[in-house]
Amino acid sequence: KIKLNLNKYYIFAFVRNPYHWIVSYFWWYLYYEKILNIKSLNKLNKKEINLLFKLFLKSQCAYWFNWMKDIIHSNRYKVHIYKYEDLDKNISKLNKILLLNNEKVKFGEFKLKNLNISSKIKQKLKFDKESIKLIRNDAKYFFKKFNYSKKVPGIFNI
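In this text the structure is predicted, and so the values were computed from the model without any measurement.

Colleague: Just to check I follow, could you spell out the overall build of the protein for this structure?
Modeller: In terms of helices and strands, the protein carries 7 helices and 2 strands. Each helix and strand of the protein, placed in order from N terminus to C terminus, yields the pattern β-α-α-α-β-α-α-α-α. In the protein, which comprises 158 residues, the share counted as buried stands at 37%. Of all intrachain contacts in the protein linking residues separated by at least 6 positions in sequence, the fraction that spans at least 24 positions is 80%. A total accessible area of about 11100 Å² is found for the protein, and carbon and sulfur atoms account for 53% of it.

Structural data, given as structure tokens:
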């Protein structure tokens, strides 16, 4: 749709650990789709959070990971992929590649938006076996292609 020759540009994207990525998307989805505001999100109990998460996964997990795969995978253009977990190292690399060393605002100084959801609330979200199976299946491309462990991070274990 873009009428530019994108092969003349350095195209890059970041990927994340699929478990963390889908959880992050879950919180943003609730907020952006106006399902709950921040105040309401911060009042949810564990049962409510996990029920919402299961419903979210059933309706959005496959869509999300397919959409992300479509964004970063192109047969026409070279897309350089960086892991979010190595953000500081990758920002330095991008500064050099894009020759941004003399810019007034350094690339690494950008602040990522935060929803201000209480960490106590975030800690209530836990994965059950069905959720793990769904995430592993829908995100299999990311687990394999970017060598992410299929082991569930400890913060999400029941």
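On we go.
Colleague: Is there a simple way to think about a nonpolar patch on the surface in this case?
Modeller: Taken together, Tyr63, Trp67 and Ile71 make up a surface patch of nonpolar side chains, about 320 Å² in accessible area. With respect to the helices and strands, isoleucine 71 occurs in helix α3 (residues 46-72).

Colleague: Honestly, the pattern of salt bridges in this entry has me stumped. Any pointers?
Modeller: Oppositely charged side chains may form a pair once their charged atoms are brought near each other. According to the stated counting rule, one finds 3 salt bridges in the structure shown. Note that lysine 54 and aspartate 128 form a salt bridge whose closest N and O atoms lie 2.8 Å from each other. In this pair, lysine 54 is assigned in helix α3 and aspartate 128 in the loop between α5 (119-122) and α6 (129-138), connecting sequence segments 74 residues apart. On the basis of relative accessibility, which here comes to 19%, the residue aspartate 128 falls in the buried class. A salt bridge links lysine 54 to glutamate 130; the shortest N-O distance between them is 3.5 Å. With lysine 54 in helix α3 and glutamate 130 in helix α6, this pair connects stretches of sequence that are 76 residues apart. With relative accessibility at 26%, the residue lysine 54 sits in the partly exposed group. Each member of the salt-bridge network shares a partner with another, and the members are Lys54, Lys58, Asp128 and Glu130.

Colleague: For this particular structure, what's the right way to read α3?
Modeller: For an α-helix, 3.6 residues make a turn, and residues three or four places apart therefore share a direction. The terminal C-alpha atoms of α3 lie 34 Å apart, and with 27 residues this falls more than 12% below the ideal 39 Å at 1.5 Å per residue. Bending of α3 peaks at approximately 50 degrees at the position of glutamine 60. Along α3, the residues classified as buried are Ile49, Asn50, Phe53, Phe56, Leu57, Gln60, Cys61, Trp64, Phe65, Met68 and Ile72. On its buried face, α3 sits against β1 (11-15), α1 (18-32), β2 (79-83), α5, α6 and α7 (140-145). Where α3 begins, the capping side chain belongs to asparagine 45, and its oxygen is found 3.0 Å from the backbone nitrogen of lysine 47.

The rules behind these values
- All chains use their own residue numbering, which begins from 1 and follows the written sequence.
- With pLDDT at 70 or above as the cut-off, local features in this predicted model cover only qualifying residues; side-chain atom pairs require 80 or more to be listed or tallied, and sums for whole chains, interfaces and linings still use all residues.
- With hydrogens and water excluded, all non-hydrogen atoms of the structure serve as input to the side-chain values.
- Each helix is a run of H or I in the DSSP string that is no shorter than four residues. Each strand is a run of E no shorter than two, and both are numbered from the N terminus.
- With a 1.4 Å probe rolled over the protein chains alone, any residue whose accessible area is under 20% of its type maximum counts as buried; one over 50% counts as exposed, and the rest are partly exposed.
- Contacts are residue-level and defined by heavy atoms, with any inter-residue pair within 4.5 Å sufficient.
- The Shrake-Rupley method, run with a 1.4 Å probe, gives the accessible areas here. Residue values count only the displayed protein chains as cover.
- The residues that make up patches have over 30% relative accessible area and no salt bridge, and they are joined within 9 Å when like-charged or within 5 Å when they are Val, Leu, Ile, Met, Phe, Trp or Tyr.
- Salt bridges are counted wherever a side-chain nitrogen of Lys or Arg sits within 4 Å of a carboxyl oxygen of Asp or Glu.
- Multiply 1.5 Å by the residue count of a helix minus one, and that product is the helix's expected span.
- Throughout, the bend at a residue refers to the angle made by two axes, fitted to the seven residues ending there and to the seven starting there.
- We define a polar contact as two N or O atoms separated by no more than 3.5 Å, with the added condition that, inside protein, one atom must be a possible hydrogen donor and the other a possible acceptor, whereas residues neighbouring each other in sequence contribute only through side-chain atom pairs.

This is a description of form; function is not addressed.
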